[in-house]
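Geometric and topological summary
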Amino acid sequence: VTMPCFGTTSRTRSNAELLCQELGVTFRTVDIGNTVKAHFADIGHDFNDHSVTFENGQARERTQVLMDIANQTGGIVIGTGDLSEIALGWCTFNGDHMAMYNINCSIPKTSIAPLLEYAAENLPAEAAVILRDVIDTPVSPELLPPDENGEIGQKTEAILGAYELHDYYLWQLLSGVAEPEKLLALAKHAFKDKYPEAELVRVRDLFMKRFFTQQFKRTAAPDGIQAGP
């Protein structure tokens, strides 16, 4: 089910449809734009105010649509949020945060692309080409309007910093390293000259803040599979 709205780009929408076509997967489009606009009118939110309400209204509507279609079909909603997003709370509470079961909850973001590449190697040629374009697409929730060229206007790593840094800090934290200065020292050694120290500090501080303040989302999260160590 694809649910295009205000930030959806032709690239991601096309890739979703083409990949389903190549794999023989049933494809259904539910355009949620008018519904979300009506909801904004109901709560008195200005459509031109692209604040968190503008973003989360779309995410929560998508979850409602999926769950109601699940009721129609006797199915369940499979969550797609990965370990990195869950650790950072980079999801809309009761939006993409919620599902009946979450299959990616123990897989860090930096493992997703290699897993998809492995899958691409075992797919028919056309499907592999599409999947590799998915891998090359910037990570984005696509909740803000595209840029003037119709490209993705909201890039997650431009906001949060590189996921490989967040995943590194998460790995060290779960391994027992909680001292901020030690985290920084380890990151400086691991990434050497790849990132300036100021960026290592910025991402570390952002990670630590979000990891602890977003616990309320993990407390209310669906069950999921343990796929890693």
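In this text, all values refer to a predicted model and were calculated from it rather than measured experimentally. (Residues numbered from 1 in each chain as written. Predicted model: local features only at pLDDT ≥ 70, side-chain atom pairs only at ≥ 80, totals over all residues. Heavy atoms only, no water.)

Moving on: the packing of aromatic side chains. Taken as a whole, this structure holds eleven aromatic pairs when the rule is applied. With a centroid separation of 5.1 Å and 90 degrees between ring planes, the pair formed by Phe 211 and Phe 212 is classed as edge-to-face. Judged by its relative accessible area of 52%, Phe 212 falls in the exposed class. For the cation-ring pair, Lys 37 lies above Phe 47, with the distance from its terminal atom to the ring centre recorded as 5.4 Å. If you follow Arg 218 out to its NZ or CZ, it ends over the ring of Phe 211, 4.6 Å from the centre. (Phe/Tyr/Trp six-rings, centres within 6.5 Å; stacked < 30°, edge-to-face > 60°. Buried < 20%, exposed > 50% of the residue type's maximum accessible area, 1.4 Å probe, protein only. Lys NZ or Arg CZ within 6 Å of the ring centre and 35° of its normal.)

Core analysis: the largest hydrophobic core is formed by 21 residues, its most contacted members being Leu 165, Tyr 169, Leu 200 and Phe 207. The dominant element in this core, judged by the number of residues it contributes, is helix 8 (residues 163–174), at six residues. Each residue touching Phe 207, except ones within four places of it in the same chain, is listed here: Leu 88, His 166, Tyr 169, Leu 170 and Leu 173. One finds Met 3, Cys 5, Phe 6 and Ile 32 within the second-largest nonpolar core, a separate group that totals nine residues. (Core = buried A, V, L, I, M, F, W, Y, C linked by side-chain atoms within 4.5 Å. Helix = DSSP H or I, 4+ residues; strand = E, 2+ residues; numbered from the N terminus. Contact = heavy atoms within 4.5 Å.)

Here the focus is helix 8. Here helix 8 contains twelve residues, and its C-alpha end-to-end distance of 16 Å stays within 8% of the 16 Å for a straight helix at 1.5 Å per residue. Taking burial as the measure, the twelve residues of helix 8 include nine buried ones, the bulk of the element. When helix 8 is considered as a whole, its buried residues turn out to be Tyr 163, Leu 165, His 166, Asp 167, Tyr 168, Tyr 169, Leu 170, Gln 172 and Leu 173. Looking one or two residues past helix 8, Gly 176 carries a phi angle of roughly 110 degrees, positive in sign. (Expected span 1.5 Å × (residues − 1).)

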